[in-house]
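Chain by chain, the residues:
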Amino acid sequence: MKKNLALVLGSGGVRSVAALGIAQQLAEEGIRPDLVAGCSSGALFGATIAMGLDAQEALRLATSLWSQELTQQRRWRSYLQMILPKLAGFGDSFAMRDDALIAQRIADAFGDLRLEQLPVPLRVATTHAVSGDPVVLKRGRLVDALRASMAVPIIFPSVEIEGRRLVDGVLSDPLPIGAAPDADVVLTLGFAGQMPRRVDRLSRLVAQTSTTLINNLMHARTAAAQAAGQQVIHIDLALDRPVGLWDTSAMPYLFEAGRRAAQASLPRIAAALQRQAQPRPRHRAGQPAFAFSTPD
């Protein structure tokens, strides 16, 4: 079934919380997405939008869901697994951090909610750890889907869902426009990675390589969606100060930045929705007819 408007949220750490301000501003203008698609932190904060929470409640919930302590639950055994892989049992489930606290936070926030029970459809972008293929979750436990979408390989363990070992969606679709192929108009909030200023150590060389791959993948996915006829509108935040990945104190600032960005984009959004609503010319006899359909 075709959707008029999709809100697509990429990975961006705490910056993704700006989506709450965007959704609030759009709602005040009478515009609501027909579906939300998210990757990693975008999926996490997108879930609060899909639940239909008001702005302040969503912001309060977001604050409880995102904090630096989530990444500090070390697995001491992982160090032994790196030093003595055969003896300590190194395998595809290797992770340097325990995700039990993440799972508990998400469970406290969303309980036993399932994706198919949300007021607004939510599609969660993940990656099949074995094949590398993108996997979009539309059904099942919300807790499991969000854990999988945030499972950064090496850092956090993969999550098994229906016999598939899933990891962070950023590896295959960092700005998951591909999760909303049935939407005519797509609003995106994505964040291109910043290249390191200098490469003087291994970690920065790895960052340079991974950032190049992710940025190019984002551009390619956007171009593919536009070539398929989707109207893609990127919402750019005008931030006047740097915001760290785990800077929860910046959440109110990011919320307001999202509101301002949505307000600035309203003319383009309204024009795109108006074009989509205009009746299309009927097929004339003797001319070829083309029909495109996508599974829901």
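Data block above holds the structure.
Residues numbered from 1 in each chain as written. Predicted model: local features only at pLDDT ≥ 70, side-chain atom pairs only at ≥ 80, totals over all residues. Heavy atoms only, no water.

Asker: Whenever I open this one, a nonpolar patch on the surface confuses me. Can you help?
Answerer: Residues Leu 80, Met 82, Ile 83, Leu 84, Leu 87 and Phe 90 make up a contiguous nonpolar surface patch of roughly 620 Å² in combined accessible area. No other element matches helix α4 (residues 76-83), which puts three residues into the nonpolar patch. Under the relative-accessibility criterion, Met 82 is labelled partly exposed at 41%. (Patch = residues over 30% accessible without salt bridge, like charges linked within 9 Å, V, L, I, M, F, W, Y side chains within 5 Å. Areas by Shrake-Rupley, 256 points an atom, 1.4 Å probe, with all protein chains shown as cover. Salt bridge = Lys/Arg side-chain N within 4 Å of Asp/Glu carboxyl O. Helix = DSSP H or I, 4+ residues; strand = E, 2+ residues; numbered from the N terminus. Buried < 20%, exposed > 50% of the residue type's maximum accessible area, 1.4 Å probe, protein only.)

Asker: Could you clarify how one ought to interpret the pattern of salt bridges in this entry?
Answerer: Side chains carrying opposite charge are able to pair once their charged atoms draw close together. In this structure the tally under the stated criterion is 13 salt bridges. A salt bridge links Asp 92 to Arg 165; its shortest N-O distance comes to 3.6 Å. Of the two residues, Asp 92 is situated in the loop between α5 (85-88) and α6 (100-110) and Arg 165 in strand β6 (residues 164-168); the sequence distance between them amounts to 73 residues. Looking at Asp 92, the relative accessible area reads 55%, which means it is exposed. In this structure, Arg 141 engages Asp 112 in a salt bridge whose closest nitrogen and oxygen atoms are separated by 4.0 Å. Of the two residues, Arg 141 sits in the loop between β4 (134-137) and α7 (142-149) while Asp 112 sits in the loop between α6 and β3 (122-128), which places them 29 residues apart along the sequence.

Asker: How should the packing of aromatic side chains be read in this particular structure?
Answerer: Centre distance and the angle of the planes are the two values used to describe a pair of aromatic rings. Under the defined criterion, the tally for this structure stands at three aromatic pairs. Ring geometry for Trp 66 and Trp 246: centres 4.3 Å apart, planes at 15 degrees, overall stacked. Placement of Trp 66 in the loop between α3 (55-65) and α4 and of Trp 246 in the loop between β8 (231-234) and α9 (251-277) is noted, with a sequence separation of 180 residues between them. Taken together, Phe 45, Trp 66 and Trp 246 form an aromatic cluster joined through their ring pairs. One cation-aromatic arrangement involves Arg 241 over Tyr 253; the distance from NZ or CZ to the ring centre is 4.2 Å. (Phe/Tyr/Trp six-rings, centres within 6.5 Å; stacked < 30°, edge-to-face > 60°. Lys NZ or Arg CZ within 6 Å of the ring centre and 35° of its normal.)

Asker: Can you help me understand unusual backbone geometry in this one?
Answerer: Both trends apply: most residues other than glycine have a negative phi, and most peptide bonds are in trans. Phi at Ser 40 takes a positive value of approximately 55 degrees, unusual for a residue other than glycine. At Glu 162, a residue that is not glycine, the phi angle is positive and equals roughly 50 degrees. Topologically, Glu 162 is positioned in the loop between β5 (159-161) and β6.

Asker: Honestly, the side chain of Ser 40 in this entry has me stumped. Any pointers?
Answerer: Inspection of the secondary structure puts Ser 40 in the loop between β2 (35-39) and α2 (41-50). Among residues more than four places away in sequence, those in contact with Ser 40 are Ser 11, Ser 149, Met 150 and Asp 168. (Contact = heavy atoms within 4.5 Å.)

Asker: Would you explain the pairing of strand β1 (residues 3-9) in this entry?
Answerer: Note on strand geometry: in a regular strand, side chains alternate between the two faces of the sheet. The buried count for β1 comes to six of seven residues, which makes it a mostly enclosed element. Here β1 runs beside strand β7 (residues 183-189); their pairing, made up of six bridges, is parallel. Paired with Ala 6 across the strands is Val 186, a residue of β7. Relative to β2, β1 runs parallel, the two sharing four bridges. Considered in β2, the bridge of Ala 6 is made with Leu 35. With helix α1 (residues 18-28) bridging β1 and its parallel neighbour β2, the resulting β-α-β unit is right-handed. (Pairing = 2+ DSSP bridges. Right-handed = clockwise from strand over helix to strand, strands pointing away.)

Asker: Quick question: what am I supposed to make of the pairing of β8 here?
Answerer: Bridge count between β7 and β8: four bridges; the pairing is parallel. Its bridge partner being in β8, Val 185 is matched across the sheet by Gln 231. At this point the chain moves from β7, through helix α8 (residues 202-227), to the parallel β8, and the crossover so formed is right-handed.

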